[in-house]
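Per-entry structural report
Here is how the chains run, residue by residue.
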Amino acid sequence: MHDRTVAQLMAGLRDKSFSSAELTRCFLDRIGALDEQLNSFISVDEEAALAAATAADARLAASDAGALTGIPIAHKDIFCTDGMRTSCGSRMLDNFIPPYDATLIKRFNAEGAVTLGKTNMDEFAMGSSNESSYYGPVRNPWDTNLVPGGSSGGSAAAVAALLAPAATGTDTGGSIRQPAAFCGITGLKPTYGRVSRLGMVAFASSLDQAGPMAHSAQDCALLLNAMAGHDPLDSTSSPEPTEDYTAQLARQIDGLRIGLPKEYFGEGLDNATAGQIDAALKELEALGATLVEVSLPNSHLTIPTYYVIAPAEASTNLSRFDGVRYGHRCADPVDLHDLYTRTREEGFGDEVKRRILVGTYALSAGYYDAYYKKAQQVRRLIKQDFMHCFEQVDIIAGPTTPGPAFALGAKSDDPVSMYLEDVYTLAVNLAGLPGMSVPAGFVDDKPVGLQLIGRHFDESRLLNVAHQYQQATDWHLRRPASIAGGAA
Amino acid sequence: MQWETVIGLEVHLQLATQSKIFSGSPTTFGAQPNTQASAVDLAMPGMLPVLNEKAVRYAVLFGLGIGAEIGMRSVFDRKNYFYPDLPKGYQISQFQHPIVGRGEFEIQLEDGSTRNIGITRAHLEEDAGKSLHEDYHGQSGIDLNRAGTPLLEIVSEPDIRSAEEAVAYLKALHSLVTYLGISDGNMSEGSMRCDINISLRPMGADTLGTRAEIKNVNSFRFVEKAIHHEFERQADILEDGGTIVQETRLYDADKNETRSMRSKEVANDYRYFPEPDLLPIVIDDSYVEALRQQLPELPTQKRDRFVQQYGLGNYDANVLADSRELADYFEAVVAGCGDAKIAANWVQVELLGQLNRGELELASCPVSATNLAGLIARILDNSISGKIAKQVFEAMWQGEGSADAIIEARGLKQVSDSGELESMVDEVIANSAAQVEQYLAADEGKRKKLVGYFVGQVMKLSKGQANPQMVNQLLAKKLQ
C-alpha cells in the first residue's frame, strides 16, 4: 500500500481495495518505525490523522468525495495548522499552536485529504541541507550520512522513504526542487502567486511559493489541482484562472523546443551530474523535443541578488517574533530591550541570525541604494533574460543542483558554499517562474534532478514534459534500498 | 530680537472606514481591549494584509478636496522599528510614492484675511496599538484594537507663521475632512492627532532655523499653547546665544510644557522598503473622475457662495460654512424665513450660543431649523419684538413647541393696535410730569435720548409687547 502513487491510492480508495483509515494507519506505522533514523517529521498527531481518515471514509462511502479524499499528506511545518503546533523548524515557534489554518491546509482539508503530520525543515526555511532545524537534521533516505537538501528536506525525505505518499513544501530559492533532486522525488515550485501564501510563515514574501512534492509529475498535478487558485486574503495571489493540471499530461512533446542555458552547464557543475542531465536531455530529444542553446547572461548575478533581497525581506518578516504576543519569550526580562534581545538571541539559530543581520544591513540608510535597490534592478534584468529565452523556446532545462547530495556537516560551516547549492534554482524565484525537479538518474547511488523551467502560469506544460519523461524512464520509480522494505 | 515662527504640521487623520486598513476588524472606538484585533492585527505568523479600498477612496477624495496631484501609482512601504504595540515590528506606510502629492489649502484668520498653506503630501498608513502602563502591577498591557486603523498622514509645508494660523489650519482641515465625510475629526478620540514642527529665525531671514518636533498634540487649544510655549523656549535659548537641538518633544498639557523625548541624532533608521505583501495601488482617470463627481460643495466654496448669495460678511460666512450640518441648518432657516441676514444673526448668536453653553452638538439641538425660521418670520411681520423673540426662543429650546404656539399660549403677541397703544402712551405721559417738563425744555439732540424713558415705561406697561416703532411715533406726536 505504501509504495503507490497518489493516483494509484485514489483508485484503491475508490474501488475499496482499502480504506483511508487503513492507509493512514499504514503510513503512521511506517513513520513510527522508520522516522527515528530520518527525523523527517516534527509533529505527528495520530489521533487527528485517523479521525480525518474516518471522516474521509464516510465521504467516500457517501460518494461525496473530492479527488484527494482519504489521501494522507505530510505538510511542511511552515503551514499553519489550526490546533496543531507549527514550529517552522525554530525554537522561536516551538510552543506555537495557531488558531487558524493556512489557505493551503484549508484547501486540502476541504478535499478530504488526511494530514499525517508536519515535516522537518530548515529553520524558517533558511537553508539548503535541513541542518539548521531546531529539531535536528533530517537524513537522506538514500544514504543517512547525506543531507536531504533543504529547506523542505523533511517533506522530501518522508516521500522518498515512503512515509507519506506526497507532501507539501515551499520554495523561496530552491527549497522544493533541491531536496526533491537530492531525495529522488518530483517537486514543483509553481509560478509566484499561483498558490496562496496566507498562513504560510513568511521568509521572503516576494519569493516564497508553496508547491507539491511527490513521486511523479502526475501526483504533483493532482496536488496542484487542490492547492492552486486565487485567495482574496493574499494580495499577491494571482487572479489568473487555474486549470486541471492533469489535463495536458498525456500530450506528446514532439516539436517542443527546450532551451539549455549555457550558463547552467559550465564551471561548477559536477561532471557526473552533467552526464546524467545530458542523458535526460537526449531522452527528451528522443521523445521529439528540440534542444536549443540559450543564454541567461546575468546568471552570475543571481546569488548576490538573491542574498540581498531574500535576507532583506526576511529581516523584517521576522521582526514580529519579539516575545510579546506568542512564541518563545526569554525568562524574566528586566526591561523591554532585554526582552527583545534575549528572546531573539535564544529563539533564533545562527543561519536565521546571519540572514537578519545581512538583510538589516542591506536596508540600512546609506546602503539601501547600493544593495537593495541595485538588487531589485538586477532582478528585473534576470527576469528579462528568461523572457528573451521564452521567445525562442517553450521550456528551459538543466540541472537542479551542481551535484548530488553531500554529507551531513560538509558545508555547515561554510555558508557561501551552501549558498552555491542553489545557483541554478534561485533565478526562477527571482523571476517568479514555475520550476520543477524531476528524478533523472544517479551519481554514485545518489539521485540527480533535472530542472525544468516554464513560462509564467505554464505549470501544465512543465507537468506534461515531466510526465512524458517519466513515461519513458523509471528513475522516479526507484526506491532507496535501505528503507523501502520497512514496516507494513 | 524679533523672531519669526516657522511651523509645519503633520496631521494623522483617522479615516472613517468601518473596518481596518488591512484587515476586516471593526474600528469602533472604546471597545474592550483586544476585542477588535484579528490574527492579522496581531501579526500572527503567515497573516497577510489586504487593502481596504475605502481607505484609498477617502485618501483620493482628500487629494481632490485640496486640488492636489493624485498618485496614480502609489506604493506601500514597511517602516521598521520595534515597539510592543507595533505587532509586526514594522508599520505599513507610504514613503516614496504617496497617494496624494502636492496641494494647497486656504485658511481664514479671525480678521477675515486668508492665507494659502502648502500641503507637501498625504499618505496612507496603519495606526499602531496602545501600550497601557497603569493597572498592570509594574508590567505593561498592550491593546491592539487600534492597530491597523487607517490613517491619512497630511504633511504641510513650513508655511505657518503663528499659533493662530496653526489653529486656523487645523480648523479648516477639520472642516474639510468632515465635509468630505472621510473622518469624524473627533480630536478627543484621537481621530485627528497633530505633530508640530517648529523653528525660529530672525525676522526677515531666508534660511530656516533648527526645528523641534512636538508629538501628538490632540486639541486645538493644546496646539496653541504648545506653540506658544515652544516659541518661548526656543527664543530663550537663542537669545542666550544657545543652539536648538533637533529633537522630538512631547507636550504635557497638565504642566503646559514640552520636554525632550528623543534626539533625532539617535533616531531609528526605519529601513523603509516597498511592502512585498501588497501590490502598488494603481488607479486610473475614470476612478478619480468618478470621485470628483462625488465631491460635495467644499467649505471655502460654500463660504464664497454665502457671501455672494446672501450678502453675508466673510467672517460670518466662514462661521456658518464651518460644518456641513450648520450650513445646511442655516440655509433651511433662510428658506423658511426669507431673510438671510437675520437668519445668520440668530444662528450665530442665539443658536450657537445655546449649543456652546449646553456643550451640545447641532445634531442634538432641540430647536429645528423650521421652528427657528417660524420665529424669525414673526419678528419680520412685527408680531413680536426682537426681545420677546428671545423669550420665545428660550421656550422653544425647552421644548414648548413652535414659535406661534408659544406666542399664543403666553400671549406674547405684539400690541400694534393704535388705540390701545395711545391709551398706554397717554397714561405714561400723565404719570411723568417731571420728565415731560424736562423733555419739552431740551433741545432736539437731548430729546432723542430722553424719549427712551417714555418708550421704556410704555414697554413696561405693555409687558414688553408694545410695538416699539408705533410707540415711538405716538410719543413723537404727543410730546410736542
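All figures in this text were calculated on a predicted structure; none of them were measured in a lab.

1. Looking at the overall build of chain A
Regarding its fold elements, chain A presents 16 helices and 11 strands. For 488 residues, the compact-globule estimate of 2.2 N^0.38 gives 23 Å, and chain A sits close to it at 21 Å. Each principal axis of the C-alpha distribution contributes one length, and for chain A these read about 65 × 55 × 45 Å. Counting only residues that meet the buried cut, chain A has 64% of its 488 residues in that class. Contacts in chain A between residues at least 24 apart in sequence constitute 76% of all its contacts with a sequence separation of at least 6. As presented, chain A carries roughly 16000 Å² of accessible surface, and 51% of it is formed by carbon and sulfur atoms. Where the 40 positive side-chain charges of chain A centre and where its 58 negative ones centre are 4 Å apart.

2. Thoughts on the domain arrangement of chain B
Domain annotation for chain B reports domain 1 (3-290), domain 2 (297-410) and domain 3 (418-478). Distance from the C-alpha centre of domain 2 of chain B to the C-alpha centre of domain 3 of chain B: 33 Å.

3. Here's the deal with the pairing of strand β8 (residues 290-294) of chain A
Residue and element names in this part refer to chain A. By the bridge criterion, 5 bridges tie strand β7 (residues 257-261) to β8 in an arrangement that is parallel. Across the sheet, the residue bridging to Gly259 is Val292, located in β8. Each parallel crossover has a hand, and the one from β7 via helix α8 (residues 271-286) to β8 is right-handed.

4. A look at the interface of chain B and chain A
Listed as interface residues are 30 residues of chain B and, on the opposing side, 39 residues of chain A. Together chain B and chain A conceal approximately 2700 Å² of surface at their shared face, both sides included; 61% is due to carbon and sulfur atoms. For chain B, the biggest contributors to the area lost against chain A are Pro45, Phe82 and Arg271 of chain B; these three give 23% of the whole. At the surface where chain B touches chain A, the tally comes to 1 salt bridge. Linking Asp277 of chain B and Arg197 of chain A is a salt bridge whose minimum nitrogen-to-oxygen distance equals 2.9 Å. Applying the counting criterion to the chain B and chain A interface returns 16 residue pairs in polar contact (both at pLDDT 80 or more). Residue assignment for the side of chain B that touches chain A shows that the elements contributing at least two residues are β3 (77-80) and β14 (273-274) of chain B. Residue composition of the side of chain B that touches chain A, by class: 22 nonpolar, 3 polar and 5 charged.

5. Let's talk about the pattern of salt bridges
Scanning the entire structure with this criterion turns up 51 salt bridges over all chains. Across the pair Glu126 of chain B and Lys88 of chain B runs a salt bridge whose closest N-O atoms are separated by 2.8 Å. Separated by 38 residues along the polypeptide, Glu126 of chain B in strand β6 (residues 114-126) and Lys88 of chain B in the loop between β3 and β4 (90-93) bring together distant segments of the chain. Both residues of the pair, Glu126 of chain B and Lys88 of chain B, belong to the buried class. When salt bridges that share partners are traced, they join Arg197 and Asp234 of chain A together with Arg78, Glu275 and Asp277 of chain B into one network.

6. Section: a nonpolar patch on the surface
A cluster of nonpolar side chains, Tyr361, Tyr367 and Tyr371 of chain A, forms an exposed patch at the surface whose accessible area comes to about 290 Å². Examined against the element boundaries, Tyr367 of chain A turns out to sit in the loop between α11 (350-362) and α12 (369-392).

7. Here's the deal with the nonpolar core
Counting 143 residues, the largest nonpolar core has Phe124, Phe386, Leu452 and Leu463 of chain A as the members making the most contacts within it. It is helix α7 (residues 217-227) of chain A that contributes the most residues to this core, 8 residues altogether. Excluding residues within four positions of it along the chain, Leu463 of chain A makes contact with Leu188, Ala217, Cys220, Ala221, Leu224, Tyr245, Leu249 and Met436 of chain A. Ranked by size, the runner-up nonpolar core spans 62 residues in total, among them Val56, Ile66, Leu152 and Leu170 of chain B.

8. A word on the sheet that holds β4 of chain B
As a general point, the strands of a sheet are linked pairwise by backbone hydrogen bonds and lie either parallel or antiparallel. Strand order in the open sheet formed by 3 strands is β4-β3-β14 (chain B), and the pairing between neighbours is antiparallel. Only two strands of the sheet have a single partner each, and these edge strands are β4 and β14 of chain B. With 2 bridges connecting them, β3 of chain B and β14 of chain B associate as antiparallel partners. Within β14 of chain B, the position partnered with Asp77 of chain B by the bridge is Pro274 of chain B. In this fold helix α9 (residues 302-317) of chain A packs onto β3, β4 and β14 of chain B, with an angle of close to 60° to the strand it touches most, β3 of chain B.

9. Side note on the side chain of Gln209 of chain A
Residues and elements named next belong to chain A. Looking at where Gln209 falls in the secondary structure, it is placed in strand β6 (residues 209-214). A polar atom in the side chain of Gln209 sits 2.8 Å from the backbone nitrogen of Val195. With residues up to four places along the chain from it excluded, the contact list for Gln209 reads Gly169, Thr170, Asp171, Ile176, Lys189, Pro190, Thr191, Tyr192, Gly193, Arg194, Val195 and Met200.

10. Comments concerning the packing of aromatic side chains
Counting across every chain of the model gives 31 aromatic pairs over all chains. With a centroid separation of 5.9 Å and 90° between ring planes, the pair formed by Phe182 of chain A and Phe406 of chain A is classed as edge-to-face. In this pair, Phe182 of chain A sits in helix α6 (residues 177-183) while Phe406 of chain A sits in the loop between β9 (395-399) and α13 (415-419), placing the two residues 224 residues apart along the sequence. Its relative accessible area of 0% is what places Phe182 of chain A among the buried residues. Between the aromatic rings of Tyr340 of chain A and Phe82 of chain B, the centroid separation amounts to 5.3 Å while the plane-to-plane angle is 45°, which identifies the pairing as tilted. Note that Tyr340 of chain A is positioned in helix α10 (residues 336-347) and Phe82 of chain B in the loop between β3 and β4, a pairing that runs across two chains. According to the relative accessible area criterion, Phe82 of chain B is partly exposed, its value standing at 32%. Linked through ring pairs, Phe96, Phe124, Phe321, Tyr326 and Phe348 of chain A together constitute an aromatic cluster.

11. Thoughts on the packing of helix α12 (residues 418-430) of chain B against helix α14 (residues 444-461) of chain B
Any two packed helices are characterised by the angle at which their axes cross and by the distance between the axes. All names here are of chain B. Contact geometry for α12 and α14: axes closest at 9 Å, N-to-C directions at 120°. The orientation of α12 with respect to α14, classified from their angle, is oblique. The two elements α12 and α14 meet at a crossing, and its hand is right-handed. Taking contact as the criterion, the partners of Met424, Val425, Glu427 and Val428 in α12 are, on α14, Phe454, Gln457, Val458 and Leu461. Grouping the amino acids of the contact of α12 with α14 by side-chain chemistry returns 6 nonpolar, 1 polar and 1 charged.

12. Some thoughts on the side chain of Ser40 of chain A
All names here are of chain A. Mapped onto the elements, Ser40 comes out in the loop between α2 (20-38) and β1 (41-44). There is a polar contact of 2.6 Å between the side chain of Ser40 and the side chain of Asp35. Other than its neighbours up to four places away in sequence, Ser40 contacts Asp35, Thr119, Asn120, Val138, Gly154, Ala157, Ala158 and Leu163.

13. Regarding a negative patch on the surface
All names here are of chain B. A cluster of acidic side chains, namely Glu110, Asp111, Glu164 and Glu224, defines a negative patch on the protein surface. Checked against the element boundaries, Glu224 lands in helix α3 (residues 220-239). With relative accessibility at 34%, the residue Glu224 sits in the partly exposed group.

14. What about unusual backbone geometry?
Residue Ser151 of chain A is reached from Gly150 of chain A by a cis peptide bond, and omega for that bond is 10°. With respect to the element layout, Ser151 of chain A can be found in the loop between β3 (114-119) and α5 (153-160). A positive phi is found at Asp332 of chain A, a non-glycine position, where the angle reads about 45°. Looking at where Asp332 of chain A falls in the secondary structure, it is placed in the loop between α9 and α10. Judged by relative accessible area, which is 67%, Asp332 of chain A ranks as exposed. Positioned with a positive phi, Ala43 of chain B is a non-glycine residue whose angle comes to about 55°.

Conventions used here
- Residues numbered from 1 in each chain as written.
- Chains lettered and ligands numbered in written order.
- Predicted model: local features only at pLDDT ≥ 70, side-chain atom pairs only at ≥ 80, totals over all residues.
- Heavy atoms only, no water.
- Helix = DSSP H or I, 4+ residues; strand = E, 2+ residues; numbered from the N terminus.
- Rg over C-alpha atoms; globule rule 2.2 N^0.38 Å.
- Buried < 20%, exposed > 50% of the residue type's maximum accessible area, 1.4 Å probe, protein only.
- Contact = heavy atoms within 4.5 Å.
- Areas by Shrake-Rupley, 256 points an atom, 1.4 Å probe, with all protein chains shown as cover.
- Lys, Arg positive; Asp, Glu negative; His and termini not counted.
- Charge placed at Lys NZ, Arg CZ, Asp CG, Glu CD.
- Domains from an automatic or database assignment.
- Pairing = 2+ DSSP bridges.
- Right-handed = clockwise from strand over helix to strand, strands pointing away.
- Buried area = accessible area lost by both parts, 1.4 Å probe.
- Salt bridge = Lys/Arg side-chain N within 4 Å of Asp/Glu carboxyl O.
- Polar contact = N/O pair within 3.5 Å; in protein donor to acceptor, adjacent residues only side chain to side chain.
- Nonpolar A, V, L, I, M, F, W, Y, C, P; charged D, E, K, R; others polar.
- Patch = residues over 30% accessible without salt bridge, like charges linked within 9 Å, V, L, I, M, F, W, Y side chains within 5 Å.
- Core = buried A, V, L, I, M, F, W, Y, C linked by side-chain atoms within 4.5 Å.
- Axes fitted to C-alpha atoms, helices over the stretch in contact; angles between N-to-C directions.
- Phe/Tyr/Trp six-rings, centres within 6.5 Å; stacked < 30°, edge-to-face > 60°.
- Parallel < 35°, antiparallel > 145°, perpendicular 65-115°, else oblique.
- Left-handed = near helix turned anticlockwise from the far one by under 90°.

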